[in-house]
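A look at the structure
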Amino acid sequence: MPGLNVVYNLKGPLDDKGPVLDRAVKACCVADDYRAEHLHDDSALVITAARYADYPLRSFENDRFRVFLEGRIYGLSDDAMQHQVLTLADVLFGQESSRDQTLRDWLTSTDGEFVAVVLEKSTGRLVCFNDIFCRLPLYLSYEDDVLVLTRNIRFAVDTLPDKRLDRMAVAQFCLFDFAMGRRTFFEGLERVAGASLIEVEPDGGRFDKRVVYTLNFEQKAHADKSIEANGRRIAALFRKACRDRVPEGYKAVVSLSGGMDSRVVAGALRAEGVDVVAASWVDFRGAARADAEIARRVARTLDIPWSLGQLRRAEGRDLFRTLQIKLGQVYLGTSHLVQHLDRVRQLYGPKIVYFSGNGGDRVNHDLRPHRPVRDLDELVEHILSYERRLSGRGDLPLDEIAAITGLSVEAIKSEIKRELAGYPEQSMEQKFVHFILHGQSLKRHHEGDDRNRMHVWSTTPFWSIPLFLYLMNCPDEQKRDEQLYAAYMRQIDPRLVRIRRVVNQNPRPRWIGDEAPGWSRLASAAAKTASRTWGLIKKVYKPLRWRLFGRRVPSRDFAHGPDLLRCLDEQIEQCGAIGEHLSRPALRQVLREAHRYNASSMAILLTILSMIEYVYEDRSRLRDYAQANLDSYV
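Quick caveat, the model's predicted, so the values are computed rather than measured.

A word on the sheet that holds strand 12 (residues 206–211). Read across the sheet, six strands follow the order 4-5-6-7-11-12 without closing on themselves; strand pairing throughout is antiparallel. The open sheet has two free edges, formed respectively by strand 4 (57–61) and strand 12, since each of these has just one partner strand. Strand-to-strand twist in this sheet, taken as the mean axis angle between neighbours without regard to direction, amounts to 10°. Each of strand 4, strand 5 (65–73), strand 6 (112–120), strand 7 (126–130) and strand 11 (196–201) touches helix 2 (residues 78–92); the most contacted strand, strand 5, lies at about 125° to it. Against the sheet, helix 3 (residues 99–109) engages strand 5, strand 6, strand 7, strand 11 and strand 12, with an angle of about 35° to strand 7.

Here we come to the sheet that holds strand 10 (residues 190–191). Spatially, 2-3-1-9-8-10 is the arrangement adopted by the six strands of the open sheet, whose pairing is antiparallel. Single-partner strands in this sheet number two, and they are strand 2 (35–41) and strand 10. Relative to strand 3 (residues 45–51), strand 1 (residues 3–9) is paired through six bridges, and the arrangement is antiparallel. Pairing of Tyr8 across the sheet is with Leu45, part of strand 3. Those strands touched by helix 1 (residues 18–27) are strand 1, strand 2 and strand 3, and its axis lies near 20° from that of strand 3.

Inspection of every chain in the model, using the stated rule, returns 65 salt bridges. The partner of Glu61 in a salt bridge is Lys121, with the nearest N and O atoms 2.6 Å apart. With Glu61 in strand 4 and Lys121 in the loop between strand 6 and strand 7, this residue pair connects regions lying 60 residues apart in the sequence. The exposure class assigned to Glu61 is partly exposed, which follows from its relative accessible area of 46%. According to the relative accessible area criterion, Lys121 is partly exposed, its value standing at 39%. Here Arg566 ties to Asp563 by a salt bridge, and the two come within 2.7 Å at their closest N and O atoms. Taken as a pair, Arg566 and Asp563 lie in helix 19 (residues 562–574) at a separation of three residues, close to a single helical turn. Accessibility expressed as a relative area gives 39% for Arg566, which makes it partly exposed. Accessibility expressed as a relative area gives 23% for Asp563, which makes it partly exposed.

Turning next to the pairing of strand 5. Of all nine residues that make up strand 5, eight are buried, and the element is covered over most of its length. Judged from the five bridges that link them, strand 4 and strand 5 form a sheet pairing that is antiparallel. If you follow Phe60 over to strand 5, its bridge partner there is Val67. Counted along the chain from strand 4 to the antiparallel partner strand 5, the turn is three residues long. Looking at chain direction, strand 5 and strand 6 are connected through nine bridges and run antiparallel. Directly across from Gly71, in strand 6, lies its bridge partner Phe114.

Counted residue by residue, strand 9 (residues 146–150) has five buried out of five residues, so it is predominantly covered. Across the two faces of strand 9 the burial is the same, with Val146, Val148 and Thr150 and Leu147 and Leu149 all buried. Relative to strand 9, strand 1 runs antiparallel, the two sharing five bridges. If you follow Asn5 over to strand 9, its bridge partner there is Thr150. Linkage of strand 8 (residues 139–143) to strand 9, two consecutive antiparallel strands, is achieved through a turn of two residues, within which Asp144 is found at a positive phi near 55°.

In this section: the environment of Pro56. Structurally, Pro56 is set in the loop between strand 3 and strand 4. What makes Pro56 buried here is its relative accessible area of 9%. The spatial distance from the C-alpha of Pro56 to the C-alpha of Arg263 is 26 Å, given a sequence separation of 207 residues. With sequence-adjacent residues up to four places away left out, Pro56 is seen in contact with Leu69, Glu70, Gly71, Arg72 and Trp457.

What follows concerns unusual backbone geometry. Even without glycine at this site, Ala195 takes up a positive phi of about 55°. Examined against the element boundaries, Ala195 turns out to sit in the loop between strand 10 and strand 11. The exposure class of Ala195 is buried, given its relative accessible area of 0%. A positive phi angle, close to 50°, is found at Leu327, a residue other than glycine.

Cut-offs applied
Residues numbered from 1 in each chain as written. Predicted model: local features only at pLDDT ≥ 70, side-chain atom pairs only at ≥ 80, totals over all residues. Heavy atoms only, no water. Pairing = 2+ DSSP bridges. Helix = DSSP H or I, 4+ residues; strand = E, 2+ residues; numbered from the N terminus. Axes fitted to C-alpha atoms, helices over the stretch in contact; angles between N-to-C directions. Contact = heavy atoms within 4.5 Å. Salt bridge = Lys/Arg side-chain N within 4 Å of Asp/Glu carboxyl O. Buried < 20%, exposed > 50% of the residue type's maximum accessible area, 1.4 Å probe, protein only.

See below:
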């Protein structure tokens, strides 16, 4: 996995850690075209990087500072970018009380995906800051006066003096496919928040970190504007975000599906005159066939080249590569995408920018809970019991997750409640919006985008800072039934709104917003009325049925491949580290009843067990199943 690695001993030299650091940075080089680089090396501070040739990482300096910048700052020339960062460094290393405000203002007005490390040459003082979304995931540990700050979680884990599994993070991963807040799978190792300012002053051994800007979705600054006015402004911001993300001499490759998000990206790039192509894929089961057909139609409408790849089933070798890249931060149910990314790189070469539609399914829709929520306890129950907007979520019951981790149900709920209470919003509905965006998007989807960067630079305009802040300041009511989405899509290319979309691989595409013909609107209204009526009936009928006949859960038969189940069984029975950290009897029980649980649950379980085996025993059973069918993609 590419990226910067910083190791700083605030109390003395790093002499005894040299071999460990060398092995750690070499382990980051997961492909033949990677190289390990030593960017700065003295007795107490080592800055290294692993990367391929076209990965964006540069250094520049003046008389006072040396800057290491990973990622990209958009819409600025190289000279302007360097001038702004060096000017900002003067403020951050000064004594002004307004330096946090200066950084906050710069971060919220600067579009980029980056991590910046600034070293003051004469004193050894160091400052690090990142974009407000932490689009490039960054990990930090500080133990025994040694700071490790790295883009590569494998580097971080390899340098941890004591690898203590965080069982609460495991429980949350089982529930949501991400750990909340700053948690990773290991105690003492945190995921750095966006808009963080990290300061190291070796004279006196001072280390400090704080967040200078926190997202708050309570206020809706653009609520006084019409849908049409907001749509025009969003369209302009969207087109600029797409244009700015493609450097001169690069080709844009859009991962085009049958949904709305990727098509509007392709449309904006085409409207801006960018050299753009589209690439789609069909899984070996054919579940994405409807997506591919709509994608083909979108590409033909936009008159851009389009290619379709056929993915084979996910095998142990694909899962092992994903494990190596992100060490469990990306769950192994997405391992089939490694084939798609390989194909994109082979077709279009290294000088490309890979665009996804990630984030569009969040910022463009009304994310508020579908029912009233009065307080934090109800919000926790709603998230656990009712919310199904978490893609990739498994269906392991909370009591079984508690048994696996050795935590109580109440402890798991209390920790979720504590995280929700820490969000700045006061209303429960906006706290829920924060949970969806900060949890699933910032923790889950951004790790997925980062996995893509193992191959090529991956981005999405939906996390452009000016665009995101404008969209999230639009009223939720305007986002219902794709009203606002359709309004700005028409500004970009009205033809795109007239092409139906695929939702969750449903083979029957749906119309977008008010583009639906009269008969379709009547059918949709009838379906909604029937759904509401059935919901009212269930409120009366279900309690009566449960009282008379008991709570009988309908039988569900999920089929999982025998190789997948055999691999899980061998991990549970033969890996000593799994038995030390988790409950073998509880894991056995889940495996005996695997037919009750969906494919996401099995992929989540395999991710956790494979990570533990790989970290604690330095081996992976996935390699024993290199060509076996370990597919768990739905």
